[in-house]
Amino acid sequence: MPDSPAYLEWLVDTGLRWTTFEGKTIEVWELRHQMTEDTLKEWATHLRSHYCDVDEIDVLREGTSFSRAEYLEQIKLPDHQSGLGPSIRAGDFGEILIADYLEHKLAFWVPRTRYGNKAVRNESVKGADVIGFRFNNDGVEKADTLAIYEVKTQLSGTTTTGRLQDAIDGSSKDELRRAESLNAIKQRLLRVVNLPTQAE
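Quick notes on the rules
- Residues numbered from 1 in each chain as written.
- Predicted model: local features only at pLDDT ≥ 70, side-chain atom pairs only at ≥ 80, totals over all residues.
- Heavy atoms only, no water.
- Pairing = 2+ DSSP bridges.
- Helix = DSSP H or I, 4+ residues; strand = E, 2+ residues; numbered from the N terminus.
- Contact = heavy atoms within 4.5 Å.
- Phe/Tyr/Trp six-rings, centres within 6.5 Å; stacked < 30°, edge-to-face > 60°.
- Axes fitted to C-alpha atoms, helices over the stretch in contact; angles between N-to-C directions.
- Parallel < 35°, antiparallel > 145°, perpendicular 65-115°, else oblique.

A. Region of the structure containing the pairing of strand 2 (residues 25-31). Pairing of strand 1 (residues 11-19) with strand 2, which is carried by six bridges, proceeds in the antiparallel orientation. Bridge pairing in strand 2 links Thr19 to Thr25. Where strand 1 folds back on strand 2, the antiparallel hairpin that results is connected by five residues, among which Gly23 adopts a positive phi of roughly 85°.

Okay, structure coming up:
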């Protein structure tokens, strides 16, 4: 497992607890960022790597007139100031934060295949937002854990409310969407490792 991103140290349990209508307890955490240059640079590199691997960027931008920065800004990353881009960027970054928390704080394996394959940068990827796996060390499959998260974010300065309820409502979507999301991960990972396309 890679080292935990330093920015996760900014994630703080506020001590607040909410109770749902079902009687479940919700912990309230807050990302209290600091203007620490090294950590911000590491975080930016970490976010960028979800959209474009540093080993691939030169091949991908070949045939264009873009520099690395221009290719990322104009082709890969959601737009930061126009159209749906800002809300898509906020949503993506929120999902990556939850994926990092799940992987580095709760010891799940979280495949990172979701953002690099976007056909349109200013659209969200369909399917379950974050999926993680925790495998039982004894090899007993029934003791393995599958975690599926519905992530909702809100841009700073907006007045939208009810994002927690939106996430709860979204998490109740049909089983088919979960199965499709798992199959999409499988397809992308097979391409990454170049496994044979036909089972022996």
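Moving on from the model shown.
B. Molecular detail of the side chain of Asp100. Along the polypeptide, Asp100 turns up in helix 4 (residues 85-104). Ignoring any residue separated from it by four or fewer positions in sequence, one finds Asp100 in contact with Pro5, Tyr7, Leu8, His46, Lys105 and Arg112.

C. Quick peek at the packing of aromatic side chains. For the structure on display, the rule yields seven aromatic pairs. When the centroid spacing of 4.4 Å and the interplanar angle of 10° are considered together, the rings of Tyr7 and Trp43 count as stacked. Of the two residues, Tyr7 sits in the segment before strand 1 while Trp43 sits in helix 1 (residues 37-51), which places them 36 residues apart along the sequence. An aromatic cluster of three or more residues is present, and its members are Tyr7, Trp10 and Trp43.

D. A look at the packing of helix 1 against helix 4. Put simply, helix 1 and helix 4 touch, their axes get as near as 11 Å, and they point 105° apart. One way to sum up the angle between helix 1 and helix 4 is to call them roughly perpendicular. On the side of helix 1, the interface is formed by His46, Leu47, His50 and Tyr51, while helix 4 contributes Asp92, Phe93, Ile96 and Asp100.

Don't take any of this as a statement about function, it's just geometry.
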